[in-house]
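Here are the chains, one letter per residue:
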Amino acid sequence: LLRAEADAILVGMGTVRADDPRLTCRLPGLEDRSPRPVLLDPRLTLSPETRPVREARSRPPLVLHGPAAEPARAAALQALGVETEAVPLAPGGGVDLPAAVAALGRRGITRVLSEGGGRLAAGLLSAGLVDELAWAAAGVALGAEGRPAVGPLALARLADAPRLALAALRRSGPDVLSLWRPPAG
């Protein structure tokens, strides 16, 4: 349902490589409400074999990449139905997230659901680009074998951690979804 309510679904290349995700709404009757896939690919390394590219003719993904990406690579992806746009890179080499969000806003994309990995989640939180955090708990303890939902935040002190306020708590079968928002003001 979160996907059906979004204009776009945002992931990084780690998620694309690890999961080859569908990025669609699969609720019966809402399949046509699937958000536009937006991929962050700093060096434009996206393989034509990935699902977002294979399905580009029916649901064109937008790939935001760095300005030094090879033009021939962008043209090859565009020929397959992928839309590409150069945005600045952050000092660490990843896509500059405020610039990426601004690029989406210029396209009229205002509701973005990020389903990227922990690194993307940490970057969005650190940049103050999170309006709401949806946290799902499934009653499964993964321990160190799991992947972190939020990557390193480079906090010097616990007091520097992003603070969120509980906005809603929903039960879905055996799972729980909590919605968190930055404090007002």
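Every value quoted in this text rests on a predicted model; they were computed, and no experiment measured them.

Enquirer: What should I look at first to understand the sheet that holds strand β6 (residues 133–137) in this one?
Expert: Adjacent strands of a sheet pair through backbone hydrogen bonds, lying either parallel or antiparallel. An order of β6-β8-β7 is seen for the three strands of this open sheet, with the pairing classed as antiparallel. The outermost strands of the open sheet, each flanked by one partner alone, are β6 and β7 (165–172). Strand-to-strand twist in this sheet, taken as the mean axis angle between neighbours without regard to direction, amounts to 20°. Alignment of β7 against strand β8 (residues 175–181), held across seven bridges, turns out to be antiparallel. When the sheet's bridge partners are listed, Ala-168 is paired in β8 with Leu-179.

Enquirer: Would you mind showing me how to read the sheet that holds strand β4 (residues 83–86) here?
Expert: Spatially, the five strands line up as an open sheet ordered β4-β3-β2-β1-β5, and their pairing is parallel. If you trace the sheet from one side to the other, it starts and ends with β4 and β5 (112–114), each paired once. The sheet shows a mean angle of 25° between the axes of neighbouring strands, taken without regard to direction. In terms of strand pairing, strand β2 (residues 36–40) meets strand β3 (residues 62–65) through three bridges, oriented parallel. Across the sheet, residue Leu-40 finds its bridge partner in β3, namely Leu-64. Sitting on the sheet, helix α4 (residues 97–106) is in contact with β2, β3, β4 and β5, with an inclination near 145° to β3. Contacting β1 (8–12), β2 and β5, helix α5 (residues 118–126) runs over the sheet at an angle of about 115° to β1.

Enquirer: Is there a simple way to think about the pairing of β4 in this case?
Expert: A regular strand carries its side chains on alternate faces of the sheet. Examined bridge by bridge, β3 and β4 share four bridges and lie parallel to one another. Residue pairing in the sheet places Val-63 in a bridge with Thr-84 of β4. In this fold, the crossover linking β3 to β4 by way of helix α3 (residues 71–79) has right-handed handedness.

Enquirer: Just to check I follow, could you spell out α5 for this structure?
Expert: Of the residues making up α5, those classed as buried are Gly-118, Leu-120, Ala-121, Ala-122, Leu-124 and Leu-125. Among the structural elements, β1, β2, α4 and β5 are those in contact with the buried residues of α5. Backbone geometry just downstream of α5 places Gly-128 in the positive-phi region, at approximately 70°.

Enquirer: Explanation requested: empty space enclosed by the protein in the structure shown.
Expert: One water molecule sets the probe size; rolling that probe over the atoms shows where empty space is left. Taken as a whole, this structure holds one cavity of 30 Å³ or more when the rule is applied. Reported here for the largest cavity is a volume of approximately 40 Å³. Along the walls of the largest cavity sit Pro-21, Arg-22, Leu-23, Pro-37, Arg-51, Pro-52, Glu-55 and Arg-59, which together make up its complete lining. Class assignment for the residues of the lining of the largest cavity results in four nonpolar, no polar and four charged.

Enquirer: Even after reading the chapter, I still don't get the layout of surface pockets, so can you show me in this structure?
Expert: Of the voids in this model, the second largest pocket is the one considered here, and its volume is about 610 Å³. Every residue lining the second largest pocket is counted, 22 residues in all, and those nearest its centre are Pro-42, Gly-94, Val-95, Arg-119 and Leu-120. When residues of the lining of the second largest pocket are assigned to their parent elements, the largest contribution, four residues, is made by helix α1 (residues 13–19). Of the residues belonging to the lining of the second largest pocket, the class tally is eight nonpolar, nine polar and five charged.

Enquirer: Just checking my understanding: could you explain the nonpolar core for this structure?
Expert: One broad trend across soluble globular proteins is that nonpolar side chains are buried collectively. Core analysis: the largest hydrophobic core is formed by 18 residues, its most contacted members being Leu-10, Val-38, Leu-40, Leu-64, Leu-104, Leu-120 and Leu-124. The set of elements that each furnish at least two residues to this core consists of β1, β2, β3, α4 and α5. Looking at this core element by element, the count peaks at four residues for α4. In this structure Leu-104 touches Val-38, Leu-62, Leu-64, Ile-109 and Val-112, once residues within four positions along its chain are discounted. Counting 17 residues, the second largest nonpolar core, distinct from the first, contains Ala-6, Ile-9, Leu-23 and Ala-69.

What counts and how
Residues numbered from 1 in each chain as written. Predicted model: local features only at pLDDT ≥ 70, side-chain atom pairs only at ≥ 80, totals over all residues. Heavy atoms only, no water. Pairing = 2+ DSSP bridges. Helix = DSSP H or I, 4+ residues; strand = E, 2+ residues; numbered from the N terminus. Axes fitted to C-alpha atoms, helices over the stretch in contact; angles between N-to-C directions. Contact = heavy atoms within 4.5 Å. Right-handed = clockwise from strand over helix to strand, strands pointing away. Buried < 20%, exposed > 50% of the residue type's maximum accessible area, 1.4 Å probe, protein only. 1 Å grid on protein atoms, 1.4 Å probe; cavity = no way out; pocket = protein on both sides within 12 Å on 5 of 7 lines; lining within 4 Å. Points joined across faces, edges and corners; volume = space filled by probe spheres on them. Nonpolar A, V, L, I, M, F, W, Y, C, P; charged D, E, K, R; others polar. Core = buried A, V, L, I, M, F, W, Y, C linked by side-chain atoms within 4.5 Å.

Read these as layout, nothing more, since geometry by itself doesn't imply function.
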